[in-house]
Amino acid sequence: MITPLGGTLLNRVLDDGAAADLKAAASDLPAITVNPAEVWDLKLIAIGGYSPLPGFLNEHDYASVIERGRLTDGTPWTVPITLSVADKDSAKDGAKHALKDEAGNLLGSIQVQQVFARRFEHEAKGVFQTDDEAHPGVARIKGAGQWLVAGEVSVLPEALPADEQGMEYRPAAIRTEIEKRSWNNVVAFQTRNPMHRAHQHLIRVAMETADGLLIHPLVGETKQGDIPADVRTECYKTLIDKY
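What you see is a predicted model; the values in this text were computed from it and never measured.

Visitor: Go over the packing of helix α3 (residues 59-68) against helix α4 (residues 120-128) with me, naming the residues and quoting the values.
Guide: Packing of α3 against α4 leaves a shortest axis separation of 8 Å and a crossing angle of 45 degrees. Classified by the angle their axes make, α3 and α4 are oblique. Considering the relative orientation of α3 and α4, their crossing is left-handed. Contacts between α3 and α4 involve Y62, I66 and E67 on the former and, on the latter, H122, E123, G126 and V127. A class-by-class count of the residues in the contact of α3 with α4 yields 3 nonpolar, 2 polar and 2 charged.

Printed below as a string of structure tokens:
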């Protein structure tokens, strides 16, 4: 099994005892409201999907990702993972804050290390190669808060689904499944659509020399007008079963 990116597969999900402690203390903590896109980022940090990130980027890593596509330690990383707020005073350096979604549900907490200004134009051009707000990525960061909060996070287990579209989705479990199958050479295919004939052909050719295939669908919020994730998942299952 290959080493996870950055050397460590993280888990930022609280155990039952720590989760109970956070819920008991949450009402006394200042709270940060996390926008829907950043809720997905929070969940991916929690399960290790963004390993080796233990939380949202600090200013040095943010700048390094934009300028050279790497964290400051040299780990390849091309899109800043940030937590935004509208007001610099929304978060206090060194303090623990509760994290809540827009409906007020408690998701977890962040130990704030730093609050710094988003460099919108620099980020947009560095990541998306444009600052045209017709680009959905540019529009998303323009519409988000222009102050960024850095810090390590902890996430409540109930903030995460037990599975995704009826399938396992956590990196540690997927690695365990690959080991159980004794696969040494695995091809991964990431998609946000049902498979086209060209995709199917590429996969079949790849599997001539690979032990196994990992189909890695994007779920959650994708492009407007995309086919829903549950429909796409049935398409992938049908291909696996019949082809």
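Visitor: Account for the pairing of strand β6 (residues 147-155), with residues named and values stated.
Guide: Where burial is concerned, most of β6 is hidden: 7 out of the 9 residues are buried. As judged from the 3 bridges shared by strand β3 (residues 83-85) and β6, these two strands associate in the antiparallel manner. By the bridge assignment, S84 is partnered in β6 with L148. By the bridge criterion, 9 bridges tie strand β5 (residues 106-117) to β6 in an arrangement that is antiparallel. Bridge pairing links Q114 to A150 in β6.

Parameters at a glance
Residues numbered from 1 in each chain as written. Predicted model: local features only at pLDDT ≥ 70, side-chain atom pairs only at ≥ 80, totals over all residues. Heavy atoms only, no water. Axes fitted to C-alpha atoms, helices over the stretch in contact; angles between N-to-C directions. Helix = DSSP H or I, 4+ residues; strand = E, 2+ residues; numbered from the N terminus. Parallel < 35°, antiparallel > 145°, perpendicular 65-115°, else oblique. Left-handed = near helix turned anticlockwise from the far one by under 90°. Contact = heavy atoms within 4.5 Å. Nonpolar A, V, L, I, M, F, W, Y, C, P; charged D, E, K, R; others polar. Buried < 20%, exposed > 50% of the residue type's maximum accessible area, 1.4 Å probe, protein only. Pairing = 2+ DSSP bridges.

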